[in-house]
Amino acid sequence: MNDNDHKSQVSSELFQKFAEDPVKADLEVFGRVTNEDRRGFLKGAGLATMTAMLGAAIPFADKMPFGLIPVALAEEALKIDGKEGLISLGDKPLNAETPAYLLNDDITPTKYHFIRNHSTVPEDLNPDTWTLTIDGEVENPLKLTIAELKKQFKTVSEQLVIECGGNGRAFFNPQVKGNQWTVGAVGCAKWTGVRLADILKVAKVKKSAIYTAHYGADMDLADPTKFAVSRGIPIDKALDPHTLVAFMMNDAPIHPQNGAPLRLVVPGWVGSTSHKWLKRIQLRDVVHDGKGMTKRSYRMPNRPLEPGEEVGDEIFTKIITSMPVKSLITAPASRHQVTVGKPVEIRGHAWAGENEVKEMMVSIDFGASWIKAKLTKPANRFAWQHWSVAVTFPVAGYYEVWARATDSKDNTQPFAVAWNPNGYLGNAMHRIALRVA
Ligand SMILES: Nc1nc2c(c(=O)[nH]1)N[C@H]1C(S)=C(S)[C@@H](COP(=O)(O)O)O[C@H]1N2
Ligand SMILES: [Mo]
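Residues numbered from 1 in each chain as written. Chains lettered and ligands numbered in written order. Predicted model: local features only at pLDDT ≥ 70, side-chain atom pairs only at ≥ 80, totals over all residues. Heavy atoms only, no water.

A few words on the pairing of strand 23 (residues 430-436). Of all seven residues in strand 23, six are buried, a share of seventy percent or more. In terms of strand pairing, strand 16 (residues 336-338) meets strand 23 through three bridges, oriented parallel. Of the residues in strand 23, the one forming a bridge with Val338 is Val436. Where strand 22 (residues 397-407) lies against strand 23, seven bridges are found, and the strand directions are antiparallel. Within the sheet, the bridge partner assigned to Tyr399 lies in strand 23 and is Leu434. (Buried < 20%, exposed > 50% of the residue type's maximum accessible area, 1.4 Å probe, protein only. Helix = DSSP H or I, 4+ residues; strand = E, 2+ residues; numbered from the N terminus. Pairing = 2+ DSSP bridges.)

Right, dumping it as structure tokens:
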């Protein structure tokens with residue numbers, strides 16, 4: 001068994017334990033269980049257990065909240081075929097996320113872009129025969145080949161963030177159903193295509209159109225007469241110049257798993273709006289009601305919920321639009337060893353849906369103090385921003401680096417998100433483990 005296999009086994013067991021019986025798991029891992037203790041910090045027998053599990057002393061143990069599971073014990077590392085280094089969450093439908101350290105590039109290479117499918121990749125992805133239909137509330141319905149799209153409209157290239165609405169779901173407590181994405185259901189590739197707004201101009205959208213409806217070539221796994229998913233966006237977002245109908249990803253044809261030969265990219269918004277294998281966009285005079293639009297799909301409750309609270313569908317009135325402010329630590333890789341007393345460059349990306357990130361902070365003492373990082377401007381609107389900071393670790397031992405972005409509207413990342421039963425919008429701070437020797 002290699003180190004990664006071992007780590008992933010430890011972490012699965014740990015998650016399993018906490019999912020099944022959190023009180024008992026607390027007792028086993030931390031050595032005590034009262035609510036009083038839960039508010040305290042790790043010390044005594046719990047600290048000894050933790051130090052043994054990590055194989056190193058914890059210099060800032062007096063700042064480590066009791067009940068915290070160190071990230072060193074909570075990361076999975078499995079491999080799948082196809083793309084490189086992605087972590088598979090399930091193969092039918094195929095869903096795979098990217099470990100944070102593989103997202104270190106400014107522009108996410110195709111091989112590292114995550115995959116989120118509701119069904120299987122359609123069989124026929126021939127770009128020469130592929131057509132896009134625009135219909136519904138338009139004066140001039142269109143049916144265009146990809147060659148016609150390229151010829152009739154201006155081609156644009158932009159670095160655009162796509163993030164799944166369920167990214168971060170694995171950190172919800174109590175655990176919720178759905179793909180257990182940790183931090184890697186996000187990417188910022190270079191997308192090339194035409195503006196949806198330009199196509200809609202030629203289609204002559206009627207005043208009655210308020211919403212789009214997206215249809216692709218992937219059909220429901222259980223019922224092939226139904227679409228795998230069919231979401232839409234308000235007309236304003238459809239007309240945003242950064243909403244693209246893309247035919248290239250990182251200067252090459254789109255990867256089959258990422259929606260070849262044609263997909264929507266609705267940057268900054270919940271990933272499910274960026275329809276893959278795109279065949280048709282219908283303009284509607286009502287909010288779209290396709291698969292993934294109704295009940296509690298991609299919706300948030302209209303009031304805060306108690307963790308684990310059971311509620312009816314009727315309170316899920318808020319359709320998710322923009323994704324919240326968030327950041328990743330992409331270097332060093334979690335669980336790497338660095339040198340004591342020498343500056344270590346810590347870096348990553350930050351993004352904020354419709355907003356811009358204005359400040360980036362890191363902490364090496366479990367959030368007791370924060371260090372400001374250098375932050376770049378986005379390459380274009382909706383591209384993620386890059387940050388870096390040199391940090392010197394005072395003494396040897398186990399550390400965690402936490403990262404926190406704040407956006408132009410003063411929204412910042414919480415330590416833990418407000419619970420919702422679908423595990424959406426999980427923008428808790430990213431944490432990595434470092435061994436300092
Ligand atoms: N046709 C189609 N489009 C789709 C999906 C899908 O299953 N089918 N999944 C959506 C979801 S939920 C997300 S998060 C993004 C993921 O894009 P990616 O697989 O290219 O990373 O695609 C979206 N577009
Ligand atoms: Mo998603």
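This part is about the confidence of the model for the protein. Considering every residue of the protein, the mean pLDDT works out to 90; 86% of them sit at 70 or more. Of the regions scoring below 50 in pLDDT, residues 1-11 engages in 16 contacts with residues more than four places distant in sequence or in other chains. Segment residues 32-39 is flagged for pLDDT under 50; beyond a separation of four residues in sequence, or across chains, it makes 13 contacts in the model. (pLDDT = per-residue confidence, 0-100. Contact = heavy atoms within 4.5 Å.)

Taken together, the neighbourhood of ligand 1 is formed by 19 residues, with Phe114, His118, Asp218, Arg263 and Lys276 sitting nearest. For ligand 1, an oxygen atom lies 2.7 Å from a polar atom in the backbone of His118. Lys276 is positioned such that a nitrogen or oxygen atom in its side chain is 2.5 Å from an oxygen atom of ligand 1. Relative to its free-state accessible area of 530 Å², ligand 1 is covered by the protein chains to the extent of 100%. With respect to the pocket detection grid, ligand 1 is positioned in the largest cavity. Its residues placed into classes, the shell around ligand 1 shows six nonpolar, nine polar and four charged. (Near = heavy atom within 4 Å. Polar contact = N/O pair within 3.5 Å; in protein donor to acceptor, adjacent residues only side chain to side chain. Areas by Shrake-Rupley, 256 points an atom, 1.4 Å probe, with all protein chains shown as cover. 1 Å grid on protein atoms, 1.4 Å probe; cavity = no way out; pocket = protein on both sides within 12 Å on 5 of 7 lines; lining within 4 Å. Sits in = over half its atoms within 2 Å of the grid points. Nonpolar A, V, L, I, M, F, W, Y, C, P; charged D, E, K, R; others polar.)

Attention shifts here to the environment of Ile210. Secondary-structure assignment places Ile210 in the loop between helix 6 (196-203) and strand 8 (211-216). By relative accessible area, Ile210 is classed as partly exposed at 38%. Separated by 23 residues in sequence, Ile210 and Ile233 have C-alpha atoms that sit 8.7 Å apart. The residues touching Ile210, leaving out its near neighbours within four places in the chain, are Ile233, Pro234, Ile235, Arg284, Asp285, Val286 and Val287.

This part is about the nonpolar core. Counting residues in each nonpolar core, the largest one holds 45 residues, and the members touching the most others are Leu132, Ile134, Leu149, Trp191, Ile199 and Val245. Sorting elements by how many residues they give to this core places strand 9 (residues 244-249) first, with five residues. Those residues in contact with Ile134, other than ones at most four positions away along the chain, are Pro141, Leu142, Ile199, Leu200, Ala203, Ile281 and Leu283. Formed by 35 residues, the second largest nonpolar core is a distinct cluster that contains Met50, Val338, Tyr398 and Met429. (Core = buried A, V, L, I, M, F, W, Y, C linked by side-chain atoms within 4.5 Å.)

Taken together, four strands build an open sheet; the order of strands is 5-4-12-8 and the sheet is mixed. Unpaired on one side and paired on the other, strand 5 (142-145) and strand 8 mark the two borders of the sheet. Averaged over all pairs of adjacent strands, the angle between strand axes in this sheet comes to 15°, irrespective of strand direction. Bridge analysis of strand 8 against strand 12 (residues 278-284) gives six bridges, and the strand direction is antiparallel. Residue pairing for strand 12: Thr212 is matched across the bridge by Leu283. (Axes fitted to C-alpha atoms, helices over the stretch in contact; angles between N-to-C directions.)

A few words now on the packing of aromatic side chains. As enumerated under the stated definition, the model contains eight aromatic pairs in all. Judged by centre distance (6.0 Å) and plane angle (75°), the rings of Phe366 and Trp402 are edge-to-face. With a gap of 36 residues between them, Phe366 in the loop between strand 18 (357-363) and strand 19 (371-372) and Trp402 in strand 22 connect regions that are remote in the sequence. Taking relative accessible area as the criterion, Trp402 reaches 4% and is therefore assigned buried. Three or more aromatic residues link up through ring pairs in this structure, and these residues are Phe60, Phe393 and Tyr399. The cationic tip of Lys150 hangs over the ring face of Phe247; the distance from NZ or CZ to the ring centre is 5.0 Å. It is Lys279 that lies over the ring of Trp130; its NZ or CZ is 4.4 Å from the centre. (Phe/Tyr/Trp six-rings, centres within 6.5 Å; stacked < 30°, edge-to-face > 60°. Lys NZ or Arg CZ within 6 Å of the ring centre and 35° of its normal.)

Within this structure, the stated rule accounts for 16 salt bridges. Here Glu309 and Arg303 are joined by a salt bridge, their closest N and O atoms 2.8 Å apart. The residue Arg381 makes a salt bridge to Glu354 at a minimum N-O spacing of 3.2 Å. With Arg381 in the loop between strand 20 (374-375) and strand 21 (385-392) and Glu354 in the loop between strand 17 (343-351) and strand 18, this residue pair connects regions lying 27 residues apart in the sequence. Overall, Arg381 belongs to the partly exposed group, its relative accessible area being 37%. Using a relative accessible area of 26% as the deciding quantity, one classes Glu354 as partly exposed. (Salt bridge = Lys/Arg side-chain N within 4 Å of Asp/Glu carboxyl O.)

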